[in-house]
Amino acid sequence: MRTPSLYSQDDPITAAMKPPSTETEAERSARLYAEAEAKRVSEQIDEDLREERERLKRRKGDVKLLLLGQAESGKSTLQKQFQLMYRPNSLDQERHSWKTVIYFNVVHSIRHILATLESWDDVLDDETDTITMDDAQSLGPTKLKGNGIADQPSPSTSLMDGSVIHGSPHSVANSEATGSANHSTPKDSGALQIANLRRRLSPLVATDTQLADRLSGGITVSGSGKGAVYVRSGWQARTIENALGKIKQKRPSSAAEKKARESISQEVTPDPMVQEVGRLLEACEEDIHELWSHPTVKGMMAKRRLKLDEWSEFFLRHISRVAAPDYVPTTDDILHARIQTMGVAEHVFDVNIHGKSVTWHLYDVGGARGQRHSWVPYFDDANAIIFVAPVSAFDQACLSLRPYLEEDPRTNRIDDSLQLFTQICSNALLKSVHLVLFLNKTDLLRAKLDRGLKVRKYITSFGDRSNDYETVVQYFRAHFLQVHRRNNENRRVLYTHFTSVVDTKATQRIIGNVRDSIFRGYLQSAALV
Ligand SMILES: Nc1nc2c(ncn2[C@@H]2O[C@H](COP(=O)(O)OP(=O)(O)OP(=O)(O)O)[C@@H](O)[C@H]2O)c(=O)[nH]1
Ligand SMILES: [Mg+2]
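None of the values given here were measured: they were computed from a predicted structure.

(A) Spotlight on the coordination of the magnesium ion (ligand 2). Coordination of the magnesium ion (ligand 2) by the protein comes from Ser76 (OG) and Thr341 (OG1), over a distance range of 2.1 Å. Of this pair, serine 76 sits in helix α3 (residues 75-86) while threonine 341 is found in strand β3 (residues 340-341), placing the two residues 265 residues apart along the sequence.

Rendered as structure tokens:
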């Protein structure tokens, strides 16, 4: 008997693959279509693998730029400016996903305002209302340790030390413990108005968790503290996918995926949940406006019992636009939107310089204290670092993960930035890396100084210097330069810029300068010149 060979007529595999003799014409064309589709997918995979191999080969000559700095310093906002400059279309494709973030920012701000008001029984109680603007500022001068500005080692000193805040939030626990009967009984008309607003806004506030889930794709770290929502690289596409369930998990380099995303975001099918939030926002616009301009809210903010983040104020100021039924985020809105980075997100751009196109890999890291360990693997082959330090943060405490992103009242943010900068300057792996410092959020610093905030109230070593913008920024700059000088074995240059990275025109000019200086260093180190 003949042994069946691979090529023989009675080969079992060939026989199994043969279409049945009863195949109809419709079945035949379905089969041919399926076979063609399988071939196309297989070729696509081959093509992806080839692209990936090419990419890895090219990578050797690529520029790797790390964006480092503490949480909320402006790294991702700076990354958006790079994106605007080098891949403007990609921001357009993401525009709709940013709507979810902005809605989340608004809803979360309202929730924060209402929760803070509740903890103070919705009123500015006269008895507890003895705090003055000056008192509010002196929540304790910061005596910074180590290389800190005050240069006074004093580990136990905190922002709160030595400060007396008259009055305290009426926590539920307290009122229960003391048997306070009037905890939820508004006494005056202001409190009654707020109680009504709270009731009317409750359906909107309730969407907070759903929006957080949508953004983080179910792996959210949200809850207490500042109610953080973390997103990993590629979240923009995921918010669309989560909503539509259309695209299966694929590698980001897949051309098919890119195409699918493009078509989805161009004629985006709205996410019903986000649409519902949009409808609620529209219905609540007047109420949000009333809450935001309510004297109690304004009073609490003036007394710094209620602290709103810059993005909260931005979107609440623009609420009539954001709550409009046909709202599409503007580029300025996207630059102000806030979402925390988790881990390290890589962004790739082709940068054209002197007729030569070089691929840049931008690594945007999560800056919270609990995230910093994830930076280290990227130090090995980095060419350049932009360290972003928010100089407006002189009156703010540091953010850390405990377990959620929240303020750690023991450390002033500028001190945290200086400590972090010391670690970066002194890190052996980074000793030859081109170093750029962005002293950021200068617009917010200016606004704080214009409002009368005194730097010396928070940073004792500032002493009797003039509280004007120029003196303050030069004072901060001097401290960063000092850190650099003390940790500069290789005598490398530190390039510093005063920035407000939400300002597109100014930032893009600075990015141009930075690109040229990084590129010069890159060419020298690659011995190409
Ligand atoms: N007004 C103003 N806002 C800024 C500036 N830079 C950043 N922001 C805002 O500050 C918020 C935080 O900025 P991000 O870029 O998300 O901060 P980050 O450094 O990426 O923070 P993590 O991802 O948590 O490490 C966003 O709402 C930005 O719009 C600035 O120069 N001026
Ligand atoms: Mg970020």
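There is more to say after this.
(B) Fine view of the site of ligand 1. Near ligand 1 you find 27 residues, and of these Lys75, Thr77, Leu335, Arg338 and Gly367 are the closest. Between ligand 1 and the protein, one listed contact pairs an oxygen atom with a side-chain N or O atom of asparagine 440 at 3.1 Å. With respect to ligand 1, the side chain of lysine 441 contributes an N or O atom lying 3.3 Å from an oxygen atom. Surface burial for ligand 1 is 98%, taken as the share of its 650 Å² of free accessible area covered by protein chains. The set of elements that each furnish at least two residues to the shell around ligand 1 consists of α3, α13 (310-317), α15 (331-336), β3 and α17 (442-450). The element contributing the most residues to the shell around ligand 1 is α3, with 3 residues.

(C) Structural view of helix α4 (residues 88-119). Between its first and last C-alpha, α4 extends 44 Å over 32 residues, near the 46 Å set by a 1.5 Å rise per residue. In α4, a bend of some 50° at arginine 95 exceeds every other bend along the element. Note on α4: the residue one or two positions beyond its end, aspartate 121, has a positive phi of about 60°.

(D) Here's a closer look at the sheet that holds strand β10 (residues 494-498). Pairing is mixed across the open sheet formed by 6 strands, whose spatial order is β4-β5-β1-β6-β9-β10. Of all strands in the sheet, those with a lone pairing partner are β4 (344-353) and β10, marking the two edges. Neighbour-to-neighbour, the strand axes of the sheet open up by a mean angle of 20°, direction not taken into account.

(E) Spotlight on the pattern of salt bridges. In the structure shown here, the tally under the stated rule is 19 salt bridges. Linking aspartate 416 and arginine 372 is a salt bridge whose minimum nitrogen-to-oxygen distance equals 3.0 Å. Placement of aspartate 416 in helix α16 (residues 413-426) and of arginine 372 in the loop between β5 (356-365) and β6 (384-390) is noted, with a sequence separation of 44 residues between them. Grouping residues by exposure puts aspartate 416 and arginine 372 together as buried. Across the salt bridge formed by aspartate 516 and arginine 515, the nearest N and O atoms sit 3.1 Å from each other. Exposure remark for aspartate 516: the relative accessible area of 28% places this residue in the partly exposed category. Residues joined by salt bridges that share partners form a network here, namely Glu23, Arg31 and Glu35.

(F) Broad picture of the packing of α17 against helix α18 (residues 469-486). Running from N to C, α17 and α18 point in directions that differ by 130°, and their axes come no closer than 10 Å. If you check the angle between α17 and α18, you find them oblique. In the packing of α17 onto α18, the handedness of the crossing is right-handed. In this structure, α17 contributes Thr442, Leu445, Arg446 and Leu449 to the contact, and α18 contributes Tyr469, Val472 and Val473. Looking at side-chain class alone, the contact of α17 with α18 contains 5 nonpolar, 1 polar and 1 charged residues.

(G) Representation of the packing of aromatic side chains within the structure. The full count for this structure, using the stated rule, is 11 aromatic pairs. Residues phenylalanine 82 and tyrosine 86 carry aromatic rings whose centres are separated by 6.4 Å and whose planes lie at 35° to one another, so their mutual orientation is tilted. Here phenylalanine 82 pairs with tyrosine 86, and both are found in helix α3, just 4 residues apart, close to one helical turn. For the pair shown, phenylalanine 82 and tyrosine 86 are each scored as buried. An aromatic cluster is defined as three or more aromatic residues linked by ring pairs; in this entry it consists of Phe82, Tyr86 and Phe349. Between arginine 446 and the ring centre of tyrosine 469, over which it is positioned, the NZ or CZ distance is 3.8 Å. Over the face of the ring belonging to phenylalanine 394 we find lysine 448, whose NZ or CZ atom lies 5.8 Å from the ring centre.

(H) Looking closely at the nonpolar core. Ranked by size, the top nonpolar core spans 47 residues in total, and within it Ile110, Leu201, Leu204, Leu281, Ile288 and Leu291 carry the most contacts. In terms of residue count, the dominant contributor to this core is α4 (12 residues). Those residues within four positions of isoleucine 288 in sequence are excluded, and the remaining contacts are Ile110, Leu201, Leu204, Leu281, Leu316 and Ile319. Formed by 39 residues, the second largest nonpolar core is a distinct cluster that contains Ala389, Leu420, Ile459 and Phe462.

(I) Representation of a nonpolar patch on the surface. A surface patch of nonpolar side chains, amounting to about 230 Å² of accessible area, comprises Val41, Ile45 and Leu49. Structurally, the position occupied by isoleucine 45 is in helix α2 (residues 25-59).

What counts, and at which threshold
Residues numbered from 1 in each chain as written. Chains lettered and ligands numbered in written order. Predicted model: local features only at pLDDT ≥ 70, side-chain atom pairs only at ≥ 80, totals over all residues. Heavy atoms only, no water. Donors = N, O, S within 2.8 Å, 3.2 Å for Na, K, Ca; no water. Helix = DSSP H or I, 4+ residues; strand = E, 2+ residues; numbered from the N terminus. Near = heavy atom within 4 Å. Polar contact = N/O pair within 3.5 Å; in protein donor to acceptor, adjacent residues only side chain to side chain. Areas by Shrake-Rupley, 256 points an atom, 1.4 Å probe, with all protein chains shown as cover. Expected span 1.5 Å × (residues − 1). Bend = angle between axes of the 7 residues up to and from the residue. Pairing = 2+ DSSP bridges. Axes fitted to C-alpha atoms, helices over the stretch in contact; angles between N-to-C directions. Salt bridge = Lys/Arg side-chain N within 4 Å of Asp/Glu carboxyl O. Buried < 20%, exposed > 50% of the residue type's maximum accessible area, 1.4 Å probe, protein only. Parallel < 35°, antiparallel > 145°, perpendicular 65-115°, else oblique. Left-handed = near helix turned anticlockwise from the far one by under 90°. Contact = heavy atoms within 4.5 Å. Nonpolar A, V, L, I, M, F, W, Y, C, P; charged D, E, K, R; others polar. Phe/Tyr/Trp six-rings, centres within 6.5 Å; stacked < 30°, edge-to-face > 60°. Lys NZ or Arg CZ within 6 Å of the ring centre and 35° of its normal. Core = buried A, V, L, I, M, F, W, Y, C linked by side-chain atoms within 4.5 Å. Patch = residues over 30% accessible without salt bridge, like charges linked within 9 Å, V, L, I, M, F, W, Y side chains within 5 Å.

Function cannot be read off these values alone, since they describe shape.
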